[in-house]
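Tertiary structure, described
Chain residues, written in single-letter form:
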Amino acid sequence: MDLFRKESLASYMKTDGQMPKTMNARDLMAMGIGAVIGSGIFILPGTVAANDAGPGVTLSFLAAAVVCGLAGMCYAEFSSAIPVAGSAYSYGNIIYGEFIGWIMGWALVLEYLLAVACVSTGWAAYFNSLLASCGVNIPKALSGPFNPAGGTYINLTAILSVLLITWLLSYGMHESVRVNNIAIIVKLAIIAAFIVIGVFFVKKANYHPFLPYGAHGAFKGATTVFFAFLGFDCISSSAAEVKHPQKNMPIGIIGTLLIATVLYMGVSLVLTGMVNYKHLDVANPVAFALQSVHQGWLASLLSIGALIGMATCMFTAIYASSRLIYSLSRDGLLPTSLHQLDKKSHTPKVALWAVAILIAIMGGFVSLDSLTNLVNIGTLLAFTMVSFGIIPLRKRDDILNEGGFKVPLYPVLPLLSGFACLFMMSFLSKETWIGAGIWFAIGMVLYFGYGYRHSNINDSVISQA
């Protein structure tokens, strides 16, 4: 049994070459910003300021951005050198071998599916609240996960939100990206409005002391807000559908992180200047700050911004998860029907709808509160392996990456990135590690029970013999 047999880049390029190349750097940044900037931008700056960092939460976001930036550069080099679908899974399959690639892919499946399911429940809560303010009330039985004792049986709004976004994606990336880009512009306009208007209500006294919990508090805050940046890795899933990927993929990934950093730091700086940090430990600190300075109209707009933000998060993650499932099926590790391309749109519609149905079931029937941290461990594992993977990537003579992006200060920055991600993983709870262990045990059963025997690499070895 050879667990470290490797797939070739040429094989991937041939298979993924059937997918239409329709996206440019601007589209990639829109996807990335859609994934990274969600409802968290209206919540995390306030709660972390109140509990951990004070006004120094701005520095917390900067520190977290540096760590994510290191991983982002590693992703940028991989997506430039290996412009295929599947993100970290495909990179792992080519660089480390099939077994490690499967582990990385299974970790990403965990990240994407749980992330969308969790966001769908948040979107449903915001939307139901908005309807209630207009006098329309969703029946309690249809407003939550299956919990007969609590009077809820299905979260209908969460299910419909997932299916609606999937329906949009099923029309193909050209049309879907156009709608997503418009939503991103509206979301960014609302965030910019808060920053510009909020500046006029900033009081310098609120910045003193700037680090009430000391430098340790700011660093602790960084480990919390670090997860606000997760999602940029979804961009690398689209490499097979990008024009000039050697140029556009690095711009999309690094550009996303730069814009997200500026926005998070801007909101944090204005928010803690408007209201003393001690008062920001509330469910919606940004809206609270606006209401405290009698700008309720903008607070109402924020609810719309949160809805749009969560919708774009779901858009990007559903897209990325469908391409990941497509890639696993392409290699024979999942049933072959999941990598079939639609004759009209040339997109993997079977994988797309399979993912959507699974997410809709999770978001509609399962309480996900205790599972959200599993999103983080799946992401950080992939980040770690991609970061360390730069070293064997550089040693491959068959992957030249001529004219493409390369991580500077090699090998120091890739190693630093990998160890920084491992350090972040050490802060995760015992329950998270147990849950991850169960998830990966299921993955092992699937791989050894189906994937290893049906792998395309296995077929090629048999035919050569």
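Residues numbered from 1 in each chain as written. Predicted model: local features only at pLDDT ≥ 70, side-chain atom pairs only at ≥ 80, totals over all residues. Heavy atoms only, no water.

**Quick word on helix H6 (residues 98-133)**
Under the 1.5 Å per step criterion, the end-to-end length of H6 is 52 Å for 36 residues, consistent within 8% with the ideal 52 Å. Two residues or fewer after H6 comes Gly135, characterised by a positive phi angle close to 90 degrees. (Helix = DSSP H or I, 4+ residues; strand = E, 2+ residues; numbered from the N terminus. Expected span 1.5 Å × (residues − 1).)

**Some remarks on the environment of Phe388**
Tracing the sequence through the fold places Phe388 in helix H14 (residues 372-394). Counting along the chain gives 108 residues from Phe388 to Leu280, while the straight-line C-alpha distance between them is 39 Å.

**Regarding the side chain of Arg323**
Relative to the elements of secondary structure, Arg323 occurs in helix H12 (residues 296-330). Residue classification places Arg323 among the buried positions, given a relative accessible area of 3%. Within the local environment of Arg323, its side chain forms a polar contact with the side chain of Glu241, the two groups lying 3.0 Å apart. (Buried < 20%, exposed > 50% of the residue type's maximum accessible area, 1.4 Å probe, protein only. Polar contact = N/O pair within 3.5 Å; in protein donor to acceptor, adjacent residues only side chain to side chain.)

**Structural notes on the packing of aromatic side chains**
Aromatic ring pairs are defined here through the distance separating the ring centres and the angle between the ring planes. Taken as a whole, this structure holds 17 aromatic pairs when the rule is applied. Between Tyr75 and Phe383, the aromatic rings sit 5.6 Å apart at their centres with planes inclined by 75 degrees, giving edge-to-face as the arrangement. Highlighted residues: Tyr75 in helix H4 (residues 57-81) and Phe383 in helix H14, separated in sequence by 308 residues. Here the two residues Tyr75 and Phe383 agree in accessibility, since each one is buried. Ring plane angle 10 degrees and centroid distance 4.5 Å describe the contact between Trp106 and Trp439, whose orientation is recorded as stacked. (Phe/Tyr/Trp six-rings, centres within 6.5 Å; stacked < 30°, edge-to-face > 60°.)

**Some details on the packing of H4 against helix H15 (residues 412-425)**
Viewed as axis vectors pointing N to C, H4 and H15 meet at an angle of 125 degrees, and their least axial separation amounts to 9 Å. Judged by the inter-axis angle, H4 sits oblique to H15. Helix-helix and strand crossings are classified by hand; for H4 and H15 the assignment is left-handed. On H15, the residues that touch Val67, Leu70, Ala71, Met73 and Cys74 of H4 are Leu413, Pro414, Leu416, Ser417, Ala420 and Met424. A class-by-class count of the residues in the contact of H4 with H15 yields 10 nonpolar, 1 polar and no charged. (Axes fitted to C-alpha atoms, helices over the stretch in contact; angles between N-to-C directions. Parallel < 35°, antiparallel > 145°, perpendicular 65-115°, else oblique. Left-handed = near helix turned anticlockwise from the far one by under 90°. Contact = heavy atoms within 4.5 Å. Nonpolar A, V, L, I, M, F, W, Y, C, P; charged D, E, K, R; others polar.)

**Description of unusual backbone geometry**
Cis rather than trans, the peptide bond between His208 and Pro209 has omega equal to -5 degrees. Counting through the fold element by element, Pro209 comes out in the loop between helix H8 (173-199) and helix H9 (214-225). In this chain, Tyr410 is followed by Pro411 through a cis amide linkage whose omega measures 0 degrees. Take Pro411: it is sitting in the loop between H14 and H15. Positioned with a positive phi, His294 is a non-glycine residue whose angle comes to about 60 degrees.

**Points about a nonpolar patch on the surface**
Together, Leu59, Leu62, Val66, Phe210, Leu211 and Leu269 give the surface a local cluster of nonpolar side chains, amounting to about 460 Å² of exposed area. In terms of residues, the nonpolar patch owes the most to one element, H4, which gives 3 residues. Relative to the assigned elements, Phe210 resides in the loop between H8 and H9. (Patch = residues over 30% accessible without salt bridge, like charges linked within 9 Å, V, L, I, M, F, W, Y side chains within 5 Å. Areas by Shrake-Rupley, 256 points an atom, 1.4 Å probe, with all protein chains shown as cover. Salt bridge = Lys/Arg side-chain N within 4 Å of Asp/Glu carboxyl O.)

**A word on helix H3 (residues 44-53)**
Of all 10 residues that make up H3, 9 are buried, and the element is covered over most of its length. Where H3 is concerned, the buried positions are Leu44, Pro45, Gly46, Thr47, Val48, Ala49, Ala50, Asp52 and Ala53. Where H3 is buried, its residues meet H4, H9, helix H10 (245-274) and helix H11 (285-292). Where H3 terminates, the next one or two residues include Gly54, which has phi positive at roughly 65 degrees.

**A short note on the pattern of salt bridges**
This structure, assessed with the given rule, holds 7 salt bridges. The closest approach of N and O atoms between Arg330 and Asp331, which form a salt bridge, is 3.2 Å. For the pair Arg330 and Asp331, a shared accessibility class is recorded, and that class is buried.

**Description of the nonpolar core**
Ranked by size, the top nonpolar core spans 140 residues in total, and within it Ile82, Phe194 and Phe229 carry the most contacts. The element best represented in this core is H6, accounting for 16 residues. Apart from the residues within four sequence positions on either side, Ile82 is in contact with Leu9, Tyr91, Ile94, Leu393 and Ile399. (Core = buried A, V, L, I, M, F, W, Y, C linked by side-chain atoms within 4.5 Å.)

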